[in-house]
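One letter stands for each residue in the lines below.
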Amino acid sequence: MKTMQKISILLARIGNKKAFWAIIFLLALSIRLIMIFLLGANKLHYGDEFTYYKIATSLTNGEGFSLNGEPTAIVSPAYPTFLALAMIFSKSILWLKLLQAVLASLGVILVYNLAKRLTGSISAKIAALAYAIYPPIAYLSAVLYPQLLGSLWILAIFYLWLLWKNRKINAAKTFLWGILIGIGLSLIPMLLIIAVIPSYQILRRPSTIASALAGIILILAPWTVRNSIKFNRFIPLSTVGWANLWAGNCEYTTPSSGSFPIYRTSEGKYLQSLPMDQSIKEYRKRVLNYICKHPVRVIYMYPLKFINFWRPYPKPITKTKASSVKYKIIFAVSYLILLLFAIKGMILNWSRPEIKAIVFSMLLFAAGYAIFFTRVRFRLPAEVLLIVLGSMCFGTANK
């Protein structure tokens with residue numbers, strides 16, 4: 001604690017704003033570059049990474065949103081589209097990771113401004129510093145996962161919420177809010193859950209709800225229409241919803257199993273081998289039958305999956321450097337330290353409605369994932385909010 005007090009004093013003495021931002025940005029970028037090169041600068045490690053990369057490559061090659069030569073909607077469109085736009089300049093995996101590192105490093109600005117609206121400038125500087133050096137968030141730059149953009153999206157949404165929640169906002173701003181929600185849905189559909197409370201506080205009048213819905217439709221309509229044409233069915237986001245629900249609610253499910261081991265079972269392989277229409281029907285039939293026949297086990301597993309969402313370190317399904325004991329210790333220690341500060345900051349400021357809204361939003365996020373299955377990776381975007389809560393242990397709150 002004395003070390004943190006010394007750091008806060010040092011940050012307070014950095015009066016030159018340009019110097020502060022240069023130091024924090026370069027620090028954040030340096031740590032992300034180190035993480036990239038330690039884990040393999042030009043390598044992909046996980047199945048989902050290969051999927052995103054292949055779809056993005058198909059887009060840049062003019063083959064549309066396809067996987068292995070076939071049209072697909074296996075993932076939501078935003079992240080592969082982001083990668084495809086980046087691939088205009090280079091298809092190098094290293095380039096994509098470097099771009100992510102730069103964008104993630106710019107996130108210090110969002111963290112600072114979000115924390116400053118809740119606390120003072122000293123706490124905001126500590127939040128920016130913590131974001132810059134926090135290993136699990138830095139790790140997101142080293143993998144091709146949408147969670148990195150998801151963390152920036154969460155920062156933007158909660159900053160705008162604090163900016164607008166006590167104001168009478170016009171249709172243009174609520175339309176922008178709808179656009180951001182639509183982008184979040186097309187990036188990681190579960191991001192909608194963490195935005196429920198902010199959206200409720202922003203969109204209080206029917207007119208604001210209508211303009212926000214218009215923004216959401218503007219973003220999602222092209223993708224939904226494309227899916228209707230390609231697959232002759234209504235697919236607003238992706239085709240894996242029932243599959244993921246089955247993976248989280250079947251006889252093979254454990255609190256930390258995720259989906260990959262379950263898809264590798266003989267039953268999982270069979271279901272994946274079916275044509276899309278038939279597989280969706282089979283997943284739906286099997287998960288509903290399982291829930292009806294085994295409601296006690298489903299109810300029993302739900303809180304265990306919720307708890308697994310908060311586990312200290314990831315449980316990788318692929319052997320990489322990130323799955324070594326050393327990295328697990330780094331992830332666990334840094335996360336537990338952050339969690340302790342976040343809990344203290346939450347307790348010290350619990351009387352404030354903004355803090356309750358942030359905490360309950362995070363709990364809803366975990367609760368939403370627990371309906372399906374949970375992994376530490378799914379939590380990482382929301383850890384930026386833990387950083388902000390932790391920074392509230394220092395400085396004076398803006399009430």
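Worth saying up front: this structure is predicted, and the values here are computed from it rather than measured.

If you tally the helices and strands in the protein chain, you get 21 helices and two strands. Considering only C-alpha atoms, the protein chain reaches an extent of 65 × 50 × 50 Å along its principal axes. Here the protein chain holds 399 residues, and the buried ones make up 52% of them. Element-wise, carbon and sulfur atoms account for 68% of the exposed surface of the protein chain, whose accessible area totals about 18300 Å².

Okay, the packing of helix H19 (residues 353-371) against helix H21 (residues 383-391) next. Contact geometry of H19 with H21 gives a least axis separation of 11 Å together with a crossing angle of 150 degrees. As far as their axial angle goes, H21 and H19 are roughly antiparallel. Crossing of H19 against H21: the hand is left-handed. Taken together, the residues of H21 that come into contact with H19 (itself represented by Ile355, Ile358, Val359 and Met362) are Leu385, Leu386 and Leu389. The residue inventory of the contact of H19 with H21, partitioned by class, reads seven nonpolar, no polar and no charged.

Overall, the coordinates contain eight salt bridges when judged by the stated rule. Note that arginine 377 is salt-bridged to aspartate 48, the shortest N-O span being 3.1 Å. Note that arginine 377 is positioned in helix H20 (residues 376-379) and aspartate 48 in helix H3 (residues 47-60), a separation of 329 residues in sequence. Residue arginine 377 is classed as buried on the basis of its relative accessible area, which comes to 16%. By relative accessible area, aspartate 48 is classed as partly exposed at 36%. The partner of aspartate 277 in a salt bridge is arginine 233, with the nearest N and O atoms 2.9 Å apart. Linking aspartate 277 in helix H16 (residues 276-293) with arginine 233 in the loop between helix H12 (206-231) and helix H13 (241-247), this pair joins segments that are 44 residues apart in sequence.

Evaluated as defined, the whole model comprises 22 aromatic pairs. Look at tryptophan 350 and phenylalanine 360: their rings are 6.0 Å apart centre to centre, the planes differ by 65 degrees, and that puts the pair in the edge-to-face class. Separated by ten residues along the polypeptide, tryptophan 350 in the loop between helix H18 (325-348) and H19 and phenylalanine 360 in helix H19 bring together distant segments of the chain. In this structure tryptophan 350 comes out as partly exposed when scored by relative accessible area, which is 33%. Aromatic pair tyrosine 369 and phenylalanine 378: ring centres 4.7 Å apart, planes at 15 degrees, arrangement stacked. For tyrosine 369, a relative accessible area of 7% puts it in the buried group. The lysine or arginine in question, lysine 125, covers the ring of phenylalanine 20, its NZ or CZ lying 5.3 Å from the ring centre. Sitting over the ring of tyrosine 145, arginine 377 keeps its end group 3.9 Å from the ring centre.

Moving on, we come to the side chain of asparagine 227. Turning to its location among the elements, asparagine 227 is positioned in helix H12. Look at asparagine 227 and you get buried, because its relative accessible area is 0%. When sequence neighbours within four positions are dropped, the list of residues in contact with asparagine 227 reads Ala73, Asn232, Arg233 and Ile235.

The contact between helix H6 (residues 121-133) and H21 brings their axes to 8 Å, and the two run at 140 degrees. The pairing of H6 with H21 is recorded here as oblique in orientation. H6 and H21 meet at a crossing whose hand is right-handed. On H21, the residues that touch Ser123, Ala127, Ala130 and Tyr131 of H6 are Val384, Ile387 and Ser391.

Okay, the nonpolar core next. In terms of nonpolar packing, the biggest core is built from 119 residues, with Tyr131, Trp153, Ile154, Phe158, Trp177 and Leu385 touching the most fellow members. Examining the composition of this core, we find that 13 residues originate from one element, helix H8 (residues 147-164), more than from any other. Residues within four places of isoleucine 154 in sequence aside, it is in contact with Leu191, Ile194, Pro381, Ala382, Val384 and Leu385.

Next up on the list: the environment of lysine 165. Position of lysine 165 among the secondary structure elements: in the loop between H8 and helix H9 (171-187). Look past the residues within four positions of lysine 165 in its chain and what remains in contact with it is Gln201, Ile202 and Glu354. There is a polar contact of 3.5 Å between the side chain of lysine 165 and the side chain of glutamate 354.

Glancing now at unusual backbone geometry. Of note in the backbone geometry, asparagine 68 takes a positive phi value of approximately 55 degrees without being a glycine. Here asparagine 68 is to be found in the loop between strand S1 (66-67) and strand S2 (70-71). Even without being glycine, asparagine 232 reaches a positive phi, approximately 55 degrees.

Before going further, it helps to examine helix H5 (residues 93-118). Under the 1.5 Å per step criterion, the end-to-end length of H5 is 38 Å for 26 residues, consistent within 8% with the ideal 38 Å. The opening residue of H5 is serine 92, an N-cap whose side-chain oxygen sits 3.2 Å from the backbone nitrogen of leucine 94.

Cut-offs applied
- Residues numbered from 1 in each chain as written.
- Predicted model: local features only at pLDDT ≥ 70, side-chain atom pairs only at ≥ 80, totals over all residues.
- Heavy atoms only, no water.
- Helix = DSSP H or I, 4+ residues; strand = E, 2+ residues; numbered from the N terminus.
- Buried < 20%, exposed > 50% of the residue type's maximum accessible area, 1.4 Å probe, protein only.
- Areas by Shrake-Rupley, 256 points an atom, 1.4 Å probe, with all protein chains shown as cover.
- Axes fitted to C-alpha atoms, helices over the stretch in contact; angles between N-to-C directions.
- Parallel < 35°, antiparallel > 145°, perpendicular 65-115°, else oblique.
- Left-handed = near helix turned anticlockwise from the far one by under 90°.
- Contact = heavy atoms within 4.5 Å.
- Nonpolar A, V, L, I, M, F, W, Y, C, P; charged D, E, K, R; others polar.
- Salt bridge = Lys/Arg side-chain N within 4 Å of Asp/Glu carboxyl O.
- Phe/Tyr/Trp six-rings, centres within 6.5 Å; stacked < 30°, edge-to-face > 60°.
- Lys NZ or Arg CZ within 6 Å of the ring centre and 35° of its normal.
- Core = buried A, V, L, I, M, F, W, Y, C linked by side-chain atoms within 4.5 Å.
- Polar contact = N/O pair within 3.5 Å; in protein donor to acceptor, adjacent residues only side chain to side chain.
- Expected span 1.5 Å × (residues − 1).

In short, shape yes, function no, at least from these values alone.
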